[in-house]
Amino acid sequence: MSDKEFGGNDDLSLPKATVQKIINEVLSSPSIQGDVPQPMTFAKETRDLLIECCVEFITMLSSEANEIAEKDAKKTIACEHITKALEELGFAEYVPELQSVAEQFKSTQGGRERRQTKIEQSGLNEEQLIRAQEELFRSAGEKYQTIASPTEG
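These notes cover the structure that comes with them. Since the structure is predicted, the reported quantities are computational estimates derived from the model, not experimental observations. (Residues numbered from 1 in each chain as written. Predicted model: local features only at pLDDT ≥ 70, side-chain atom pairs only at ≥ 80, totals over all residues. Heavy atoms only, no water.)

Helix and strand counts for the protein stand at seven helices and zero strands. In the protein, the order of α-helices and β-strands from amino to carboxyl end is α-α-α-α-α-α-α. By sequence separation, contacts in the protein at least 24 residues apart represent 44% of the contacts at least 6 residues apart. In the structure as shown, the protein presents an accessible area of about 12700 Å², 55% of it carried by carbon and sulfur atoms. (Helix = DSSP H or I, 4+ residues; strand = E, 2+ residues; numbered from the N terminus. Contact = heavy atoms within 4.5 Å. Areas by Shrake-Rupley, 256 points an atom, 1.4 Å probe, with all protein chains shown as cover.)

Below you can see the structure in the form of structure tokens.
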């Protein structure tokens with residue numbers, strides 16, 4: 001599958017700095033370095049090629065997952081659609097790791113605090129907020145009347 005099949009959008013990419021950071025972390029890991037005296041480097045052209053391959057993979061995976069979701073009469077692609085797409089595309093060995101990461105993500109999301117709205121942050125009850133709003137309206141009306149009818153003198 002190529003970009004042409006997906007509308008030929010050349011704007012699809014991944015952040016180069018983020019990809020470079022991932023590459024640097026992988027290249028600096030002891031399992032990659034082994035007994036090599038100098039750290040390995042990764043050419044910029046190679047990084048750009050890797051980005052293109054990643055975009056192609058994501059496009060292919062999301063397209064397959066979308067087809068699976070549509071067959072299930074779903075409008076939202078869910079984790080199970082991605083896992084099934086990986087299996088159908090021949091990447092079944094990635095499914096256990098994906099499920100592990102998805103479970104970790106769910107558990108971190110469940111523990112996150114809900115952000116307070118500005119109303120909640122104000123510390124005022126509904127009645128106090130209504131009075132403050134009415135005061136602001138009255139004040140704005142007075143300012144408008146002052147501007148609309150300047151005093152003669």
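This brings us to the pattern of salt bridges. Under the counting rule described, the total for this entry stands at five salt bridges. Glu-127 serves as the salt-bridge partner of Arg-131, at 3.4 Å between the closest nitrogen and oxygen. Here Arg-131 pairs with Glu-127, and both are found in helix 7 (residues 126-148), just four residues apart, close to one helical turn. Judged by relative accessible area, Arg-131 falls into the partly exposed class, the value being 48%. Relative accessible area serves as the criterion here: at 54%, Glu-127 is assigned to the exposed category. The shortest N-O distance in the salt bridge between Arg-138 and Glu-135 comes to 2.2 Å. Of this pair, Arg-138 and Glu-135 both sit in helix 7, three residues apart, which is roughly one turn of the helix. Owing to a relative accessible area of 40%, Arg-138 belongs among the partly exposed residues under this scheme. By relative accessible area, which is 38% here, Glu-135 ends up partly exposed. Within the structure, one salt-bridge network assembled from shared partners comprises Lys-16, Arg-47 and Asp-48. (Salt bridge = Lys/Arg side-chain N within 4 Å of Asp/Glu carboxyl O. Buried < 20%, exposed > 50% of the residue type's maximum accessible area, 1.4 Å probe, protein only.)

A positive phi is found at Ala-73, a non-glycine position, where the angle reads about 60°. Relative to the assigned elements, Ala-73 resides in the loop between helix 3 (44-71) and helix 4 (79-88).

Quick look at the nonpolar core now. Among the nonpolar cores identified, the biggest contains six residues, and these are Leu-61, Ala-65, Ile-68, Ala-85, Leu-86 and Val-95. If you list the elements that add at least two residues to this core, you get helix 3 and helix 4. Take this core: its biggest share by element is three residues, from helix 3. (Core = buried A, V, L, I, M, F, W, Y, C linked by side-chain atoms within 4.5 Å.)

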